[in-house]
There are 2 protein chains.
Amino acid sequence: MTVDCLVNGQPTGALGASDRGLRYGDGVFETIAVVDHQPALYPRHLARLRRGCRQLGIDPAVADQLSDDVDRLALPAVGVLRLTVTRGEGGQGYAPPANPRPTRIVQRDPAPNRPSSWWRDGIRCRWCQTRLARQPRLAGIKHLNRLEQVLARAEWDDPAIHEGLMLDTEGYLAEATAANLMIEQGGVVIVPTATEAGVEGVMQGFLVEQMKAHGIPCEQRPVTADALDPDTSVMLCNSLLGIVAVTQLEDRWLPPGQWLGWLQQRIDDHRVALTPKVRG
Amino acid sequence: MTVDCLVNGQPTGALGASDRGLRYGDGVFETIAVVDHQPALYPRHLARLRRGCRQLGIDPAVADQLSDDVDRLALPAVGVLRLTVTRGEGGQGYAPPANPRPTRIVQRDPAPNRPSSWWRDGIRCRWCQTRLARQPRLAGIKHLNRLEQVLARAEWDDPAIHEGLMLDTEGYLAEATAANLMIEQGGVVIVPTATEAGVEGVMQGFLVEQMKAHGIPCEQRPVTADALDPDTSVMLCNSLLGIVAVTQLEDRWLPPGQWLGWLQQRIDDHRVALTPKVRG
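Model, not experiment: these values are computed from the prediction.

So, how was this worked out
Residues numbered from 1 in each chain as written. Chains lettered and ligands numbered in written order. Predicted model: local features only at pLDDT ≥ 70, side-chain atom pairs only at ≥ 80, totals over all residues. Heavy atoms only, no water. Axes fitted to C-alpha atoms, helices over the stretch in contact; angles between N-to-C directions. Helix = DSSP H or I, 4+ residues; strand = E, 2+ residues; numbered from the N terminus. Parallel < 35°, antiparallel > 145°, perpendicular 65-115°, else oblique. Left-handed = near helix turned anticlockwise from the far one by under 90°. Contact = heavy atoms within 4.5 Å. Nonpolar A, V, L, I, M, F, W, Y, C, P; charged D, E, K, R; others polar. Salt bridge = Lys/Arg side-chain N within 4 Å of Asp/Glu carboxyl O. Polar contact = N/O pair within 3.5 Å; in protein donor to acceptor, adjacent residues only side chain to side chain. Domains from an automatic or database assignment. Buried area = accessible area lost by both parts, 1.4 Å probe.

## Observations concerning the packing of helix α2 (residues 42-56) of chain A against helix α6 (residues 202-213) of chain A
All names here are of chain A.
Working step 1: The geometry of α2 relative to α6 is characterised by a closest axis approach of 10 Å and an angle of 125° between their N-to-C directions. When the interaxial angle is binned, α2 and α6 end up oblique. Handedness of the crossing formed by α2 with α6: right-handed. Contact residues: R44, H45 and R48 in α2; V202, G205, F206 and E209 in α6.
Working step 2: Classifying every residue of the contact of α2 with α6 gives two nonpolar, two polar and three charged.

See below:
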């Protein structure tokens, strides 16, 4: 029997209905590409998970146990691995229990079916009306409170629109519903920083490191929506996609950037996302 | 066998690990006092649940099924009933499934053990450092994204401190971690409105209606923390507690308000919270 899900190391797909992960979204998760039977960018994902645990006051040692669980799950050639940690059960209302026993969930999912045109020709996006609230206590980590993303993604169901760009409530570019965002202006890659909203992306971190190591001009700073002039290129990246161009935003065509191909090549060379080349 | 939990009408305490309630906090809940074997202020709780479903795009008809589930659960003389609705499983990532089958959870919990001094002498509070982010798309409803409350409640573990007051990120009085807030100034009860943060309280709604019906001076408007001068009384209310005075905030003693006793009497007369009189 192939096991698709382990909860606290046990081959079950079920979880206690009193788990704080369900009651309050009290936990963190990671969505990881599986390439060549291995979780891609795994140390970076585990590091973000530990950072999230620390920020929520959950013992980050749970990441070591999760990693043991992953070792016991047969991983396919390509696919998706989802890791979830919650604070477990107990506590009085919102008050965390004195001695929490975190819940670990390891889930194996099939790779999402993305046409290769996404990588070759780019994708089409819209602006989301739902904005990200600014909450410095939760920014950066990948916690389980994701209603803003769900509401933003529920704004459209036209399959020709592939993603939605989100601003924060102050009008700064934050991210797409399920991807980070980079722009390119005058040959410089700009990574909008979201210190008060949004998730610190693992793929984005990998790409920024690659650019720095190879001397590609790259800046990290806050960017407002107004800054997207007609010459600006926009790219979206995440752990499954790697990086793709946004070629159409609402009714506007965006110019191609000069660094996209280079960035895609780095991802293919390191085999760290579910690109057409990696999927074969 | 006494059943404490029904999931989709079935006597199980377990839930699918892929439920969107766990994955994204994609759902709403209600915490209801059980008095005389009946859920108190039940129509109000169901109405808020339906409102929450509508705001998240979940079919509110699920509230009728939940209500059938509740009918099948033997309720104690006093206790707590927790109702949860999630969007169920499925969808691609954040995108809701085309035909969601919401998950219903009905849980029976014992009444929390609160000393009767809370009602008689009031409680002691602190200010929370964690502030509520302003998110108009989620304000008012009791959704499952409650990490802000968890982090705020985790700021202290001194059992002599009973609750923490929270401001929103703009400095407006929002609520306590698990209660709504009312203040009294010059014999006027003021209910801070939180149109961009916080939960619209069922008990608060009941009390405001009682005050209006009996001509008690009552205003609903935004209140900043600065407005809490030394003559201001503070009260906290929720569905389990009813209403109690805050007699100490940090190191400051707060004066008693003139309407607290009247409000407590309304709650006891209607038997709608777990007060000492109701618990017997």
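Moving on from the coordinates now.
## Looking at the interface of chain A and chain B
Working step 1: With 56 residues of chain A at the contact, the number on the chain B side is 56 residues.
Working step 2: Inspection of the region where chain A meets chain B yields four salt bridges.
Working step 3: On the surface where chain A and chain B come into contact, there are 27 residue pairs in polar contact (both at pLDDT 80 or more).
Working step 4: Listed by contribution, the elements that provide at least two residues to the side of chain A that touches chain B are β1 (5-7), β2 (14-16), α1 (20-24), β3 (27-35), α2, β5 (78-86), β6 (103-109) and α5 (147-153) of chain A.
Working step 5: Among the elements that take part in the side of chain A that touches chain B, α5 of chain A stands out by supplying six residues, more than any other.

## Remarks on unusual backbone geometry
Residue and element names in this part refer to chain B.
Working step 1: Phi at N8 takes a positive value of approximately 50°, unusual for a residue other than glycine.
Working step 2: For N8, the position within the fold is in the loop between β1 (5-7) and β2 (14-16).
Working step 3: The backbone of E250 sits at a positive phi, close to 55°, despite the residue not being glycine.
Working step 4: One can find E250 in the loop between β14 (242-249) and β15 (252-253).

## What about the domain arrangement of chain A?
Residue and element names in this part refer to chain A.
Working step 1: When the domains of chain A are assigned, the result is domain 1 (5-109) and domain 2 (117-279).
Working step 2: Domain 1 puts 30 residues into the contact, and the matching count from domain 2 is 27 residues.
Working step 3: For the pairing of domain 1 and domain 2, the buried interface totals around 2,100 Å² over both sides, and the portion due to carbon and sulfur atoms is 64%.
Working step 4: Taken together, the links from domain 1 to domain 2 amount to three salt bridges.
Working step 5: A salt bridge links R44 to E209; its shortest N-O distance comes to 2.8 Å.
Working step 6: Along the contact surface separating domain 1 from domain 2 lie ten residue pairs in polar contact (both at pLDDT 80 or more).
Working step 7: When residues of the side of domain 1 that touches domain 2 are traced back to their parent elements, those giving at least two are α1, β3, α2 and β5.
Working step 8: Here the element with the most residues in the side of domain 1 that touches domain 2 is β3; it accounts for nine residues.
Working step 9: Partitioned by chemical class, the residues of the side of domain 1 that touches domain 2 number 13 nonpolar, ten polar and seven charged.

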